[in-house]
Protein chains: 2
Amino acid sequence: MTSPARRGRPRSEDAGARILGAARGLLTERGYDRFAIDEVAARAGVAKTTLYRRWPTKDHLLVALVARVQDEVDVADTGDIRHDLTVYLSAVAAGLERMRRVGRDGAPEAGRSAGVVAELVAAAARHPDVGEAVRALFARRNALPLRLLERARARGALDRAVSPGVLFDQLAGALYYRLLITGAPIGAGYVEGLVGQVLAGAAPAPRLERT
Amino acid sequence: MTSPARRGRPRSEDAGARILGAARGLLTERGYDRFAIDEVAARAGVAKTTLYRRWPTKDHLLVALVARVQDEVDVADTGDIRHDLTVYLSAVAAGLERMRRVGRDGAPEAGRSAGVVAELVAAAARHPDVGEAVRALFARRNALPLRLLERARARGALDRAVSPGVLFDQLAGALYYRLLITGAPIGAGYVEGLVGQVLAGAAPAPRLERT
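Computed from a prediction, not measured in an experiment: that's the story for all the values here.

A. Representation of the relation of the copies chain A and chain B. The two copies are related by a screw motion: chain A maps onto chain B through a turn of 180 degrees and a shift of 0.0 Å along the axis, at an RMSD of 0.0 Å. The relationship between the two copies is best expressed as a two-fold rotation axis. Residue A:Gly201, judged by its C-alpha, is the member of chain A lying nearest the rotation axis, at 1.6 Å. When the interface residues of chain A are mapped onto chain B, 100% of them again fall at the interface, so both copies present the same face.

See below:
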């Protein structure tokens with residue numbers, strides 16, 4: 001009640017930003033296992049109750065953090081679908097590769113483990129409310145690349161028979177499959193090859209009119 | 001030392017089959033959380049040490065169980081790649097849908113959660129030895145559909161520029177992405193549409209020779 005008023009920005013947004021900043025730092029240092037919500041509150045300089053009211057578990061906080069990180073990736077529409085998808089998916093893949101290594105620097109298995117993404121997937125499966133939050137996060141976020149694909153189809157850059165939703169599953173799915181299941185790398189070369197193959201397959205059918 | 005010899009089949013294989021049978025039943029009834037390795041040993045009628053010697057944690061046992069379930073799915077090569085892939089991936093998707101519901105019958109969220117698959121993904125990320133076992137499992141198993149795709153390409157049913165490995169990531173990846181990330185259904189209609197779209201995109205390029 002006696003804390004000084006900060007003019008110019010709302011208090012709750014300020015606390016939220018500080019909490020997410022502290023959470024990001026702590027997660028990067030410690031990894032999922034040793035990421036404790038009380039320590040996040042202490043680092044952010046907010047009361048634990050403030051944090052718990054907004055994010056009741058560390059998994060809820062993690063979902064908010066992933067949303068923040070995802071929102072840092074631009075989805076630009078330059079009119080060149082191959083270029084735009086490659087840029088977008090390369091940024092997604094680089095983010096996933098970083099999450100693989102979170103809290104595991106130097107561990108020999110760091111490059112093969114799905115790390116914090118796998119923990120989020122498991123938390124989503126265990127707790128219906130976390131699951132709902134994760135699905136809402138991806139629905140909101142995936143709407144952006146989906147619109148890229150829809151616009152490309154509308155201007156004739158993709159075959160009209162192609163389903164943008166299924167096409168996006170093929171692209172994002174391949175990255176997450178490698179991250180979570182096979183442990184294969186998802187570097188820039190892989191992303192370029194994937195986008196090239198998927199778009200070559202979705203190219204408009206050539207008109208085979210007889211001359 | 002005094003147990004009666006069973007003639008005709010090796011003891012260890014027999015115990016292994018009984019353990020996996022008991023594990024499957026218990027997992028289906030209880031789900032991952034309440035799946036305890038000691039209870040599996042009791043149901044299978046084997047000493048705990050027998051079980052632990054072979055599978056030191058419940059996650060190792062789970063990997064062996066998934067291998068057994070995967071091996072029940074045939075990978076046939078009839079020469080019709082679209083048919084063969086649809087049959088194979090439909091069986092994979094049906095198995096994943098069943099794993100979604102394991103131990104959660106009647107729970108309203110059962111259809112959206114990734115259930116035991118998500119737990120396996122998290123265990124693989126946490127424990128390097130489980131991760132190694134999961135990756136070896138999928139490498140061994142995925143070699144079969146990969147050979148289907150390679151043979152289809154060799155006989156000209158797929159474009160020569162297509163990478164079978166990337167194509168398989170697009171297919172399997174889409175299923176696991178929906179299971180683990182977006183929670184979208186992966187029923188027969190989805191699998192057919194996916195295979196159709198991926199193979200249409202991988203069809204050999206028409207020869208556009210001028211007449």
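Structure shown, so let's carry the discussion forward.
B. Structural context of the interface of chain A and chain B. Across the boundary between the two partners, chain A contributes 43 residues, which contact 43 residues of chain B. Buried surface at the junction of chain A and chain B, both sides included, amounts to about 3700 Å², of which 59% is carbon and sulfur. Inspection of the region where chain A meets chain B yields 4 salt bridges. Of the charged contacts in the structure, one is a salt bridge between B:Asp169 and A:Arg178, with a shortest N-O distance of 2.9 Å. Counting across the interface, chain A meets chain B through 12 residue pairs in polar contact (both at pLDDT 80 or more). Of all the elements in the fold, those that place two or more residues in the side of chain A that touches chain B are helix 6 (115-126), helix 7 (128-154), helix 8 (164-182) and helix 9 (188-201) of chain A. Looking at which element gives the most residues to the side of chain A that touches chain B, the answer is helix 8 of chain A, with 14 residues. Classifying every residue of the side of chain A that touches chain B gives 24 nonpolar, 11 polar and 8 charged.

C. Expanded view of the domain arrangement of chain A. All names here are of chain A. In terms of domain boundaries, chain A breaks down into domain 1 (12-56) and domain 2 (65-202). With 11 residues of domain 1 at the interface, the matching set in domain 2 holds 8 residues. Here domain 1 and domain 2 share an interface that buries about 910 Å² over both sides, 65% of which is from carbon and sulfur atoms. Summed over the three residues of domain 1 that lose the most area to domain 2, namely Leu20, Arg24 and Tyr32, the buried surface amounts to 57% of that side.

D. Fine view of the environment of A:Gly16. All names here are of chain A. Structurally, glycine 16 can be placed in helix 1 (residues 11-30). The spacing of glycine 16 and isoleucine 81 is 65 residues in sequence and 35 Å in space, taken between C-alpha atoms. When residues no more than four places from it in sequence are discounted, the contact partners of glycine 16 are Arg54 and Trp55.

E. Representation of the side chain of B:Arg178. Checked against the element boundaries, B:Arg178 lands in helix 8 (residues 164-182). Setting aside anything within four residues of it in sequence, one finds B:Arg178 in contact with A:Asp169, B:Arg100, B:Gly183, B:Ala184, B:Pro185, B:Ile186 and B:Tyr190.

F. Local environment of the packing of helix 5 (residues 81-101) of chain B against helix 8 of chain B. Residues and elements named next belong to chain B. Their axes nearest at 11 Å, the elements helix 5 and helix 8 cross at an angle of 20 degrees. The orientation of helix 5 with respect to helix 8, classified from their angle, is roughly parallel. When the axes of helix 5 and helix 8 are compared, the crossing they make is right-handed. Contacts from Leu85, Tyr88, Leu89, Val92, Ala93, Leu96 and Arg100 in helix 5 reach Phe168, Leu171, Leu175, Tyr176, Arg178 and Leu179 in helix 8. Residue classes in the contact of helix 5 with helix 8 are distributed as 11 nonpolar, no polar and 2 charged.

G. Representation of the packing of aromatic side chains in the model. Inspection of the entire model under this criterion finds 6 aromatic pairs over all chains. On the basis of an interplanar angle of 75 degrees and a centroid distance of 6.4 Å, the ring pair of A:Tyr177 and B:Phe168 is categorised as edge-to-face. Here B:Phe168 lies in helix 8 and A:Tyr177 lies in helix 8, a pairing that spans two chains. Through a chain of ring-to-ring contacts, three or more aromatic side chains come together here, namely A:Phe138, A:Phe168, A:Tyr176 and B:Tyr177. When the ring centre of A:Tyr190 is taken as origin, the NZ or CZ atom of A:Arg178, which lies over that ring, is 3.8 Å away.

H. Geometry of helix 6 of chain A. An ideal rise of 1.5 Å per residue puts 16 Å on 12 residues; helix 6 of chain A measures up with 17 Å between its terminal C-alpha atoms. By the criterion of burial, helix 6 of chain A is predominantly enclosed, with 11 of the 12 residues buried.

About the thresholds
Residues numbered from 1 in each chain as written. Chains lettered and ligands numbered in written order. Predicted model: local features only at pLDDT ≥ 70, side-chain atom pairs only at ≥ 80, totals over all residues. Heavy atoms only, no water. Least-squares fit on C-alpha atoms with pLDDT ≥ 70 in both. Contact = heavy atoms within 4.5 Å. Buried area = accessible area lost by both parts, 1.4 Å probe. Salt bridge = Lys/Arg side-chain N within 4 Å of Asp/Glu carboxyl O. Polar contact = N/O pair within 3.5 Å; in protein donor to acceptor, adjacent residues only side chain to side chain. Helix = DSSP H or I, 4+ residues; strand = E, 2+ residues; numbered from the N terminus. Nonpolar A, V, L, I, M, F, W, Y, C, P; charged D, E, K, R; others polar. Domains from an automatic or database assignment. Axes fitted to C-alpha atoms, helices over the stretch in contact; angles between N-to-C directions. Parallel < 35°, antiparallel > 145°, perpendicular 65-115°, else oblique. Left-handed = near helix turned anticlockwise from the far one by under 90°. Phe/Tyr/Trp six-rings, centres within 6.5 Å; stacked < 30°, edge-to-face > 60°. Lys NZ or Arg CZ within 6 Å of the ring centre and 35° of its normal. Expected span 1.5 Å × (residues − 1). Buried < 20%, exposed > 50% of the residue type's maximum accessible area, 1.4 Å probe, protein only.

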